[in-house]
Amino acid sequence: DAPWDVEADGGGPSLERVCAAFDSSHARNWHAEPGADPTPLAPSRAIQCPPPSIPPPRIAINEIYYHTLDTKPLGDKDLKEEFIELLNNTEVPVNLKGYAFTSGIDFIFTEDTVIEPQGFLVVCRDKAAFLSVHEVGNAVGNYSGQLSNDGERITLVDDTGAQVDSVRYSDHGDWPVAADGLGYS
């Protein structure tokens, strides 16, 4: 999965760690030199500590409301109120026409949908139900599928199919506990 260096996936080179003193789970801490052969028992070609930071995505998955607070047994708030919020990290308006979520949920922006600079957009599972609870002006919907209450990967791609942002959230580990059914995102 991106952002891992795809050159090592059948292209010849091996993945080489960029900085031995930095977190090994950080994708930018691994590099594959295009056209190079693997280098067992040799230093990495591109040593840099810390590794280069990942540039922020133009459009970021900024908030995930995946496991709502529902006080009724077998309630359906998850089916109605869950959402994904997007943030435009740029200084120019971005039109999302042709963008799509390719994992986590199914939603394609088929119409002109502009997020202003540093602005937000909420992508709702059920837009009418969401707007009955939240007073926001920039919301779209309805998406197919349901966000997993256990966690999963959410991926947004642009109109060319290139990955814009991807987040794997979870209901355990270092992820905030309050987002897992306690009413918070």
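Cut-offs and rules
- Residues numbered from 1 in each chain as written.
- Predicted model: local features only at pLDDT ≥ 70, side-chain atom pairs only at ≥ 80, totals over all residues.
- Heavy atoms only, no water.
- Core = buried A, V, L, I, M, F, W, Y, C linked by side-chain atoms within 4.5 Å.
- Buried < 20%, exposed > 50% of the residue type's maximum accessible area, 1.4 Å probe, protein only.
- Helix = DSSP H or I, 4+ residues; strand = E, 2+ residues; numbered from the N terminus.
- Contact = heavy atoms within 4.5 Å.
- Phe/Tyr/Trp six-rings, centres within 6.5 Å; stacked < 30°, edge-to-face > 60°.
- Pairing = 2+ DSSP bridges.

1. A look at the nonpolar core
Consideration 1: By size, the foremost hydrophobic cluster in this structure holds 24 residues, and its most contacted members are I59, L86, L96, F101, F109, V123 and L147.
Consideration 2: Listing elements by their share of this core, those giving two or more residues are β3 (59-65), β4 (83-88), β9 (120-124), β11 (151-157) and β12 (163-170).
Consideration 3: Sequence-distant contacts of L96, defined by excluding residues within four places in its chain, comprise I59, L86, F109, T113, I115 and L121.
Consideration 4: With six residues, the next largest nonpolar core counts Y65, F83, V122 and A139 among its residues.

2. Observations regarding the packing of aromatic side chains
Consideration 1: Enumeration over the complete set of coordinates arrives at four aromatic pairs.
Consideration 2: An angle of 45° between the planes, with centres 4.6 Å apart, marks the rings of Y66 and Y169 as tilted. With a gap of 103 residues between them, Y66 in the loop between β3 and α1 (77-81) and Y169 in strand β12 connect regions that are remote in the sequence.
Consideration 3: Of the residues examined, Y169 reaches a relative accessible area of 3% and is grouped as buried.
Consideration 4: Here F83 and F130 contribute two aromatic rings whose centre-to-centre distance is 5.2 Å and whose plane-to-plane angle is 65°, an arrangement assigned as edge-to-face. Of this pair, F83 sits in strand β4 while F130 is found in helix α2 (residues 127-133), placing the two residues 47 residues apart along the sequence. Both residues of the pair, F83 and F130, belong to the buried class.
Consideration 5: Following the ring pairs from residue to residue traces out a cluster consisting of Y65, F83 and F130.

3. As for the sheet that holds strand β6 (residues 100-103)
Consideration 1: Read across the open sheet, the four strands follow the order β7-β6-β11-β12; overall the sheet is antiparallel. Both edges of this open sheet fall to β7 (107-108) and β12, since each of them pairs with a single strand only.
Consideration 2: Direction of pairing for β6 relative to β7: antiparallel, over a ladder of two bridges. Note that in β7 the partner of F101 across the bridge is F107.

4. A few points about unusual backbone geometry
Consideration 1: Note the cis peptide between G141 and N142, where omega equals 15°.
Consideration 2: If you trace the backbone, N142 turns up in the loop between β10 (139-141) and β11.
Consideration 3: One non-glycine residue, Q118, lies in the positive phi region at around 60°.
Consideration 4: Within the secondary structure, Q118 sits in the loop between β8 (114-115) and β9.
Consideration 5: The exposure class of Q118 is partly exposed, given its relative accessible area of 37%.

5. A look at the pairing of β6
Consideration 1: Hairpin geometry of β6 and β7 is characterised by an intervening segment of three residues between the two adjacent antiparallel strands and by a positive phi of about 95° at G104.
Consideration 2: Looking at chain direction, β6 and β11 are connected through three bridges and run antiparallel. Within β11, the residue paired with S103 across the bridge is T155.

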